[in-house]
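A closer look at the structure
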Amino acid sequence: MKGKRISVFKRIRYFLTRQVRMDARLLDFMQEHPEIASDGDLEAPPGELQRIMEEMERRGIKPAVKRQLKLRRLLEKLFKRNRGCEKMELL
């Protein structure tokens, strides 16, 4: 059985409005309970990030940031190409 089809734009709008509501609730909660807010004194031990990156490299794991950037560049390239075609059609 197929689910109800919803426009991509409606899904994006729903996600963004939901995110705003969640952020507002979190902010309200943190203002009500200031004792749980981080003091900003937390720091990773020296060289911790480097050790994690080396372990990920040893296991052959690509960091998600690299994949996300690669995907973003690809999508930007595709959409720039499409925008150029739209401009040509307008002329």
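Nothing here was measured: the structure is a model prediction, and the numbers come from that model. (Residues numbered from 1 in each chain as written. Predicted model: local features only at pLDDT ≥ 70, side-chain atom pairs only at ≥ 80, totals over all residues. Heavy atoms only, no water.)

Turning next to a nonpolar patch on the surface. A grouping of Val8, Phe9, Ile12, Phe15 and Leu16 is seen on the molecular surface, where their side chains present a nonpolar patch of about 550 Å² in accessible area. Residue classification places Val8 among the exposed residues on the basis of a relative accessible area of 55%. (Patch = residues over 30% accessible without salt bridge, like charges linked within 9 Å, V, L, I, M, F, W, Y side chains within 5 Å. Areas by Shrake-Rupley, 256 points an atom, 1.4 Å probe, with all protein chains shown as cover. Salt bridge = Lys/Arg side-chain N within 4 Å of Asp/Glu carboxyl O. Buried < 20%, exposed > 50% of the residue type's maximum accessible area, 1.4 Å probe, protein only.)

Between the first and last C-alpha of helix 2 (residues 48-59) there are 17 Å, a value that for twelve residues agrees with the 16 Å anticipated at 1.5 Å per step. Taken from the residues just after helix 2, Gly60 is the one with a positive phi, measuring 80°. (Helix = DSSP H or I, 4+ residues; strand = E, 2+ residues; numbered from the N terminus. Expected span 1.5 Å × (residues − 1).)

Now for the confidence of the model for the protein chain. The predicted model of the protein chain averages 80 in pLDDT, with 79% of residues at 70 or higher. Model confidence for the protein chain, summarised as mean pLDDT per element, is weakest for helix 3 (residues 64-90) at 72 and strongest for helix 1 (residues 8-32) at 90. Here residues 87-91 scores under 50 on pLDDT; set against residues more than four positions off or in separate chains, the count is zero contacts. (pLDDT = per-residue confidence, 0-100. Contact = heavy atoms within 4.5 Å.)

A separate point is a positive patch on the surface. Together, Lys62, Lys66, Arg67 and Lys70 make up a region of like positive charge exposed at the surface. Structurally, Arg67 is set in helix 3. (Lys, Arg positive; Asp, Glu negative; His and termini not counted. Charge placed at Lys NZ, Arg CZ, Asp CG, Glu CD.)

It is worth spelling out the pattern of salt bridges at this point. Applying the stated rule across the entire model yields four salt bridges. The residue Glu76 makes a salt bridge to Arg72 at a minimum N-O spacing of 3.1 Å. Placement of the pair is Glu76 and Arg72 together in helix 3, with a separation of four residues, close to one helical turn.

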